[in-house]
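# Summary of the model geometry
Here's the letter readout for the chains.
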Amino acid sequence: MENRVQDRTRQVESLNVALKERATQAEASTQAKSLFIDNVSHEIRTPINSIIGMTHLLKHTQLNRQQQDYIQQLQRASQSLLKLMNDILNFSKIESGNAELEQREFSLADLLDNLTTMMEKKVSAKALRIKTELDPKIPAYLLGDAVHLMQILINYVDNAIKFTETGEILIAARLKESNNDVLL
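Here the structure is a predicted model, which is why all the values come from computation and not from measurement.

### Here's the deal with the environment of Ile138
Examined against the element boundaries, Ile138 turns out to sit in the loop between strand E2 (129–134) and strand E3 (142–144). Taking the C-alpha atoms as reference points, Ile138 and Leu108, 30 residues apart in sequence, are found 8.7 Å from one another. Once you skip the residues sitting within four places of it in the chain, Ile138 turns out to touch Leu108, Ala173, Arg174 and Leu175.

Put into structure tokens, the structure is as follows:
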């Protein structure tokens, strides 16, 4: 009986060692994958940003109607690719535990204006309207991560467009509470 207990104890210890090795391998694999995704996304984002910049410059030159349409399509496609790469990079950072939020001053009013401008074509394609309401108690400038906030709002508006058949999409920002210069 004692031999059986010792055998079982050794088996359990052996399984624990194997499990720890697998966990270590899985963690190393996750870190390698995150590093790969991080490197690839940065390498892809650089030419996408160049395309966006060049199409912006090209848009302000003398183009015929068809060329302007091509430039707009190219801008939308490159911005969609950039959004996808940013989402992949963010997911990778979250998965690896390296996600960081920026703390920079930004104008919520400007951010919402940019959002509605960016989404206007999609909204009007479904004969919808997009409207923003900004609580006047919200300060003109906030401290936070405008890029990630914009990504979140784009996802919300995309879903709202997808699931709204008629009417309008309202994006409302309200001041919930203000306490010692901290806004909630």
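### Quick notes on a nonpolar patch on the surface
A contiguous nonpolar surface patch, about 250 Å² in accessible area, is contributed by Leu81, Leu84 and Ile88. Within the secondary structure, Leu81 is located in helix H2 (residues 65–96).

### Concerning the pattern of salt bridges
According to the stated counting rule, one finds four salt bridges in the structure shown. Close ionic contact of Asp158 with Lys122 constitutes a salt bridge, the shortest N to O distance being 2.8 Å. Here Asp158, found in helix H4 (residues 146–163), pairs with Lys122, found in helix H3 (residues 108–125); they are 36 residues apart in sequence, far enough to count as distant. Linking Lys131 and Glu133 is a salt bridge whose minimum nitrogen-to-oxygen distance equals 3.6 Å.

### Regarding the side chain of Thr116
Position of Thr116 among the secondary structure elements: in helix H3. Accessibility expressed as a relative area gives 14% for Thr116, which makes it buried. With sequence-adjacent residues up to four places away left out, Thr116 is seen in contact with Ile130 and Thr132.

### Here's the deal with the confidence of the model for the protein
Per-residue pLDDT for the protein has a mean of 85; in total, 96% of the residues score no lower than 70. Per-residue pLDDT, averaged within each element of the protein, yields its smallest value for strand E6 (residues 182–183) (50) and its largest for strand E4 (residues 168–173) (94).

### What about the environment of Leu170?
Mapped onto the fold, Leu170 is located in strand E4. Residues Leu170 and Glu133 lie 37 residues apart in sequence; the distance between their C-alpha atoms is 7.4 Å. Once residues within four sequence positions are removed from consideration, Leu170 is found in contact with Lys131, Thr132 and Glu133.

### Notes on the nonpolar core
Considering soluble globular proteins, one finds that nonpolar side chains tend to be buried as a cluster. Counting residues in hydrophobic clusters, the biggest one holds 19 residues, and the most contacted among them are Leu108, Leu111, Leu112, Leu115, Met119, Ile130 and Val157. Counting only elements with at least two residues in this core, the list comes to H3, H4 and E4. In terms of residue count, the dominant contributor to this core is H3 (six residues). The contacts of Met119, once residues within four sequence positions are left out, are Ile130, Ile154, Val157, Asp158 and Ile161.

### A look at the packing of H3 against H4
As a packed pair, H3 and H4 sit with axes 10 Å apart at the nearest point and diverge in direction by 35°. For the pair H3 and H4, the crossing hand works out as right-handed. Here Leu108, Leu111, Leu112, Asn114, Leu115, Met118, Met119, Lys122 and Val123 of H3 lie close against H4, whose contacting residues are Ala146, Leu149, Met150, Leu153, Ile154, Val157, Asp158 and Ile161. Residue classes in the contact of H3 with H4 are distributed as 14 nonpolar, one polar and two charged.

### Observations regarding unusual backbone geometry
One non-glycine residue, Ala127, lies in the positive phi region at around 60°. Here Ala127 is to be found in the loop between H3 and E2. With a relative accessible area of 62%, Ala127 lands in the exposed category.

### A few points about H3
Its 18 residues give H3 an end-to-end C-alpha distance of 26 Å, which sits within 8% of 26 Å, the value for a rise of 1.5 Å per residue. Those residues of H3 that are buried lie in contact with strand E1 (104–106), E2, E3, H4 and E4. Where H3 terminates, the next one or two residues include Ala127, which has phi positive at roughly 60°.

Parameters and conventions
Residues numbered from 1 in each chain as written. Predicted model: local features only at pLDDT ≥ 70, side-chain atom pairs only at ≥ 80, totals over all residues. Heavy atoms only, no water. Helix = DSSP H or I, 4+ residues; strand = E, 2+ residues; numbered from the N terminus. Contact = heavy atoms within 4.5 Å. Patch = residues over 30% accessible without salt bridge, like charges linked within 9 Å, V, L, I, M, F, W, Y side chains within 5 Å. Areas by Shrake-Rupley, 256 points an atom, 1.4 Å probe, with all protein chains shown as cover. Salt bridge = Lys/Arg side-chain N within 4 Å of Asp/Glu carboxyl O. Buried < 20%, exposed > 50% of the residue type's maximum accessible area, 1.4 Å probe, protein only. pLDDT = per-residue confidence, 0-100. Core = buried A, V, L, I, M, F, W, Y, C linked by side-chain atoms within 4.5 Å. Axes fitted to C-alpha atoms, helices over the stretch in contact; angles between N-to-C directions. Left-handed = near helix turned anticlockwise from the far one by under 90°. Nonpolar A, V, L, I, M, F, W, Y, C, P; charged D, E, K, R; others polar. Expected span 1.5 Å × (residues − 1).

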